[in-house]
Amino acid sequence: KIIEGLYQKGTYAAALERAQAFLDAYPGNKYRSECLAIAANAALGLKDKKKALEYFAPLMKDTSRPDVLATAHLTAASLAEERLDFIQAAKDLRKYLPLAGEQKGTSPAEVLKLRRKILLLGWIGGDPAFTRGLLASNDVCGGALASDCERYKALTDLMGTTIDAICHISQLNQQAPR
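Being a predicted model, the structure only gives us computed values, none of them experimental.

(A) Fine view of the pattern of salt bridges. Inspection of every chain in the model, using the stated rule, returns 8 salt bridges. Between lysine 117 and glutamate 81 there is a salt bridge, with the nearest N and O atoms lying 3.0 Å from each other. Of the two residues, lysine 117 is situated in helix 7 (residues 108–124) and glutamate 81 in helix 5 (residues 66–82); the sequence distance between them amounts to 36 residues. Here lysine 117 falls in the partly exposed class, since its relative accessible area comes to 34%. The residue arginine 83 makes a salt bridge to aspartate 85 at a minimum N-O spacing of 3.8 Å. Salt bridges sharing partners connect three or more residues here, namely Arg116, Asp148 and Arg151.

In structure tokens form, the structure reads like this:
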């Protein structure tokens, strides 16, 4: 409760320090997941994304609580996207996808946008096998997104090595003067 109170007051450095001390002193404690979540969010509050990922990584393995997992996967995806690691961002969002429907206030339209984002990130990530896996999956490409996925599949067939071409275009765009 002390660590949580420090975090809620916005004293992120103190919360992070106390959380780490707790984790070091009581590694198997039943509140480990909650402490990892507070530490990760405190690190984000300090804008230390690398440190936040250090806490989110074990959190994603340790907990089965949907709310904690959802936050961990969503934050990890966001950080991966900021690092331009689009494949990892898509993987983390895909892990978040089944949890998104369980979150209060998540509409079907928001879930559909999430599925589109996973597809797009996988597409621009440059891994043909991963992209083909997304295109063949029902969790991403089923239902309302089936027609979008068919377009991606058709484009892939037309272009042959679509992913390589997209990566090349992306590189050219990055090199272009602005």
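(B) Structural detail: the side chain of histidine 73. The topology assignment puts histidine 73 in helix 5. Beyond its immediate chain neighbours, meaning those up to four positions away, histidine 73 contacts Met60, Asp92, Lys95, Tyr96 and Leu99.

(C) Examining helix 7 more closely. Over its 17 residues, helix 7 extends 24 Å from the first C-alpha to the last, a length consistent with the 24 Å expected when each residue adds 1.5 Å. Residues Val111, Leu112, Leu114, Arg115, Ile118, Leu119, Leu121, Gly122 and Trp123 constitute the buried set of helix 7. Downstream of helix 7 by one or two residues, glycine 126 has phi in the positive range, about 85°.

(D) Structural detail: helix 3 (residues 32–45). An ideal rise of 1.5 Å per residue puts 20 Å on 14 residues; helix 3 measures up with 20 Å between its terminal C-alpha atoms. Looking at helix 3, one finds that the buried residues are Ser33, Cys35, Leu36, Ala37, Ile38, Ala39, Ala40, Ala42 and Ala43. Of the surrounding elements, those touching the buried residues of helix 3 are helix 1 (2–8), helix 2 (12–25), helix 4 (49–62) and helix 5. A positive phi of about 65° marks lysine 47, the residue just after helix 3.

Each value, and the rule that gives it
- Residues numbered from 1 in each chain as written.
- Predicted model: local features only at pLDDT ≥ 70, side-chain atom pairs only at ≥ 80, totals over all residues.
- Heavy atoms only, no water.
- Salt bridge = Lys/Arg side-chain N within 4 Å of Asp/Glu carboxyl O.
- Helix = DSSP H or I, 4+ residues; strand = E, 2+ residues; numbered from the N terminus.
- Buried < 20%, exposed > 50% of the residue type's maximum accessible area, 1.4 Å probe, protein only.
- Contact = heavy atoms within 4.5 Å.
- Expected span 1.5 Å × (residues − 1).

Purely geometric stuff here, so don't read any function into it on its own.
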